[in-house]
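What follows is the residue order along each chain.
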Amino acid sequence: MEATVEAPFDLIIGGREIPGTRGEHQELLDPATNRPLARVAVGSREDARHAMEAADRAFRESPWAQDDGARRSKTLMRLAARLEAEAEAFARLETRNVGKPLREARVDVGYVTRTLEYFGGLADKIEGETIPVPGPRVDLTIVEPLGVTVHIAPWNYPLLLAMRSVAPALAAGNAVVLKPASLTPLTAVALGRLAHDVGIPDGILNIVPGGGREVGEALIEDSRCRSVSFTGSGEVGARIAELAARRHLPVTLELGGKGPAIVFPDADLDRAAKGIGYGIFQNAGQMCWAASRLIVHESVRGPLLERVRAIADGLKLGPGTQDGVEMGPLVSREQLDRVLGYVREAIDEGAHAVAGGARAAEPELADGNFLRPTVLADVPPSARALREEIFGPVLSTMPFGDTDDAVRLANDTTYGLLSTLWTRDLATAHSVARRLESGMVVVNEAPITFPQLPFAGIKGSGLGFEQGRRAVESFVRRKNLLLHLGGGRKKSA
Ligand code: NAD
């Protein structure tokens, strides 16, 4: 068993790590054992105000916003290199805090490094334009950072989802205040500690762990806040949009999902089963883009379900830090109870568990938040398990007869984040992808993305997008400058 992380994690404001005005620390539990893991400072409204003040001062007084981007580019590259050098320590911390297997946390940290490199590479390529106008005039667009940008992150991919919006905001020259999720703030604070070392001016990257209602709302309500990037649940997303609207702030919302995985009869079933397993059991299913509804052609339902069941039953559960572990615990006891509630309710309503459906039986896992990977069949269409985001390792399965049927079932949700399709036929892939109401479609692979690709949900899954080169546009304003060059019109000779 690994020891407690001894030193407390405090707030990072103005380049200093401080315990916050309350001086209170919250104890975080290791999700694999529910024993104490670390202590983290609990930010207050006053701390939020201090962070906004520090960010605003740094934005106005440090060279960060003013230079041509080349220095920011180099600094973000240095941060990426430093993170890469310390990747193992970051991955271990993420694993202990969230519960996910170490190999998944290593992928997450690698992704953050790549994100910093990608947006670091863009920092000196944010350009305006000149637009032709009549007469002795010149028109220029001047691209300026917004000022202080606020970022609110969820607990499932703590560092990755925080940096997905923080990196482009920094690249564009803004000063950032990040509020990580209360349950999983450790890697964000650890990254904040590196900022000073790599040359990010004090106050340009501030980290304020604390409660959403208290710290999160105070950040948005602060008169210095210029934009809000939020990743989290739809319910909180609506509240954030409301607060932002009162102040006419631009807002990006990355919300939940109920992704379909549609398997056509011509699919490579072995490959599909593996991808479907990965798409729902990775990070114990605590993924916005989880492919949580398997919509399978009736002719291949039996053989596919058998393959998926074998994968689910064969997954090795355990603490994420242990070698060979394929699925860790859920993040908290509360989350375990929530997910079990969905499973029990679906079974009461007539569904049956093809795999899992209960907590892990191994005595050595009894103290942790472990749920067996679960596959449900015959889930009644009205069941909450089929309609709501479960955010756990629970796959619901449904058969379809023809393509129209498949598309109808896939779109029958309030969400629209990512859909996966499994078929060898390019025409089917193309035509079905176009009919799906989702911001992203992946064909013949589990949900996957890269920092250079846009990440966006539609319907109840979000507003705006993150990632990709256009993401920088969310963190700049384009000021139009029209210059009259003086004098009248010259007569031609
Ligand atoms: P959550 O909405 O409960 O919390 C997200 C963040 O918002 C946390 O930092 C929380 O402290 C803060 N918060 C809570 N109330 C607030 C308020 N009133 N004002 C300001 N901030 C507030 O979400 P969660 O439980 O941390 O994460 C799970 C959810 O996130 C799921 O719905 C999941 O689908 C979604 N998610 C979406 C994406 C995406 O990219 N679309 C990625 C990951 C997770």
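Just so we're clear, the structure is a prediction, and the values are computed from it rather than from any experiment. (Residues numbered from 1 in each chain as written. Predicted model: local features only at pLDDT ≥ 70, side-chain atom pairs only at ≥ 80, totals over all residues. Heavy atoms only, no water.)

## Concerning the overall build of the chain
Cut-off, in case you're wondering: Under the DSSP-based scheme used, a helix requires at least four consecutive residues in state H or I and a strand at least two consecutive residues in state E, with every element numbered from the N terminus. A radius of gyration in this sense is built from C-alpha atoms; the matching globule rule multiplies 2.2 Å by the number of residues raised to 0.38. Classification of residues uses two cut-offs on accessible area relative to the type maximum, computed with a 1.4 Å probe and protein chains only: under 20% is buried, over 50% is exposed, and between them is partly exposed. Counted as positive: Lys and Arg. Counted as negative: Asp and Glu, with His and the chain ends omitted from the count. Here the site of a charge means atom NZ of a Lys, CZ of an Arg, CG of an Asp or CD of a Glu.
Scanning the chain from terminus to terminus reveals 14 helices and 19 strands. For 493 residues, the compact-globule estimate of 2.2 N^0.38 gives 23 Å, and the chain sits close to it at 24 Å. Across the 493 residues of the chain, 56% fall into the buried class. Between the centroid of the 58 positive side chains of the chain and the centroid of its 63 negative side chains there is a distance of 6 Å.

## Considering the domain arrangement of the chain
Applicable threshold: Where a domain begins and ends is set by an automatic assignment or by a domain database. By definition, residues are in contact when any of their heavy atoms lie within 4.5 Å. By definition, the buried area sums, over both parts, the 1.4 Å-probe accessible area that each loses when the two are put together. Whenever Lys or Arg places a side-chain nitrogen within 4 Å of a carboxyl oxygen from Asp or Glu, that contact is recorded as a salt bridge. Counted as a polar contact is a pair of N or O atoms within 3.5 Å, where, for protein atoms, one must be capable of donating a hydrogen and the other of accepting one, and residues adjacent in sequence contribute only when both atoms are in side chains. Asp, Glu, Lys and Arg are counted as charged, while Ala, Val, Leu, Ile, Met, Phe, Trp, Tyr, Cys and Pro are counted as nonpolar; the rest, among them Gly, fall into the polar class.
Each domain of the chain was delimited in the assignment, giving domain 1 (11-255) and domain 2 (260-443). Listed per partner, the contact involves 22 residues of domain 1 and 24 residues of domain 2. Taken over both partners, the interface formed by domain 1 and domain 2 buries close to 1,900 Å², and the fraction arising from carbon and sulfur atoms is 54%. Across the contact surface, domain 1 and domain 2 share one salt bridge. Where Asp367 meets Arg35, a salt bridge forms, and the shortest distance between an N and an O atom there is 3.8 Å. Between domain 1 and domain 2 we count eight residue pairs in polar contact (both at pLDDT 80 or more) in total. Elements with a contribution of two residues or more to the side of domain 1 that touches domain 2: helix H3 (87-98) and helix H4 (102-122). The dominant element in the side of domain 1 that touches domain 2, judged by the number of residues it contributes, is H3, at five residues. Of the residues in the side of domain 1 that touches domain 2, the class split is nine nonpolar, seven polar and six charged.

## Structural notes on the packing of aromatic side chains
What characterises a pair of aromatic rings is the spacing of the ring centres plus the angle enclosed by the ring planes. Applicable threshold: Here a pair means two rings of Phe, Tyr or Trp (six-membered ring of Trp) with centres within 6.5 Å. Their orientation is stacked below 30 degrees between planes, edge-to-face above 60, and tilted elsewhere. Here, over-ring charges are defined by two tests on the NZ atom of lysine or the CZ atom of arginine: distance to the ring centre within 6 Å, and angle to the ring normal within 35 degrees.
What the rule picks out here adds up to four aromatic pairs. Plain terms: the ring middles of Tyr118 and Phe119 are 5.0 Å apart, the flat faces sit at 80° to each other, and that makes the pair edge-to-face. Here the two residues Tyr118 and Phe119 agree in accessibility, since each one is buried. Ring centres of Trp289 and Phe455 lie 5.7 Å apart, and the angle between their planes is 40°; on these two criteria the pair is classed as tilted. With Trp289 in the loop between helix H9 (269-281) and strand E12 (291-297) and Phe455 in the loop between strand E17 (440-443) and strand E18 (462-463), this residue pair connects regions lying 166 residues apart in the sequence. Over the aromatic face of Phe455 sits the side chain of Arg164, whose NZ or CZ is 4.3 Å from the ring centroid. Positioned above the aromatic ring of Phe9 is the side chain of Arg193, whose terminal nitrogen or guanidinium carbon lies 4.6 Å from the ring centre.

## Topic: the side chain of Thr115
As for its placement among the helices and strands, Thr115 is situated in helix H4. One polar contact links the side chain of Thr115 to the main-chain carbonyl oxygen of Tyr111, over a distance of 2.8 Å. Not counting chain neighbours up to four residues away, the residues in contact with Thr115 comprise Met163, Arg164, Ala167 and Pro451.

## A few points about the pairing of strand E7 (residues 175-179)
Heads up, the rule is: A pair of strands is treated as paired once DSSP finds two or more bridges between them.
By the criterion of burial, E7 is predominantly enclosed, with five of the five residues buried. Across the two faces of E7 the burial is the same, with Ala175, Val177 and Lys179 and Val176 and Leu178 all buried. In this structure, strand E6 (residues 148-152) lies alongside E7, joined through five bridges in parallel fashion. Bridge pairing links Val148 to Ala175 in E7.

## Describing the nonpolar core
Worth spelling out the cut-off: Working definition of a nonpolar core: buried Ala, Val, Leu, Ile, Met, Phe, Trp, Tyr and Cys residues. They are joined through side-chain atoms within 4.5 Å.
Within the largest apolar cluster, 152 residues are counted, with the highest numbers of intra-cluster contacts made by Leu116, Ile262, Val263, Ile276, Leu294 and Leu304. Residue-level mapping places this core at the junction of two domains, with at least three residues from each of domain 1 (11-255) and domain 2 (260-443). Setting aside residues up to four positions removed in sequence, Ile276 forms contacts with Ala261, Val263, Leu294, Leu304, Val308, Leu395 and Trp422.

## Considering the pattern of salt bridges
By the definition in use, this model includes 37 salt bridges. Salt-bridge contacts for Glu46 lead to Arg49; the nearest nitrogen and oxygen are separated by 3.8 Å. Linking Glu46 with Arg49, this pair stays in helix H1 (residues 45-61), spanning three residues, or about one helical turn. Exposure remark for Arg49: the relative accessible area of 37% places this residue in the partly exposed category. Of the charged contacts in the structure, one is a salt bridge between Arg164 and Glu466, with a shortest N-O distance of 2.6 Å. Residue Arg164 is found in helix H5 (residues 158-171), and its partner Glu466 is found in the loop between E18 and strand E19 (476-484); the two are separated by 302 residues along the sequence. With a relative accessible area of 4%, Arg164 lands in the buried category. Taken together, the salt bridges that share partners define one network made up of Arg213, Glu217, Arg239, Glu242 and Arg246.

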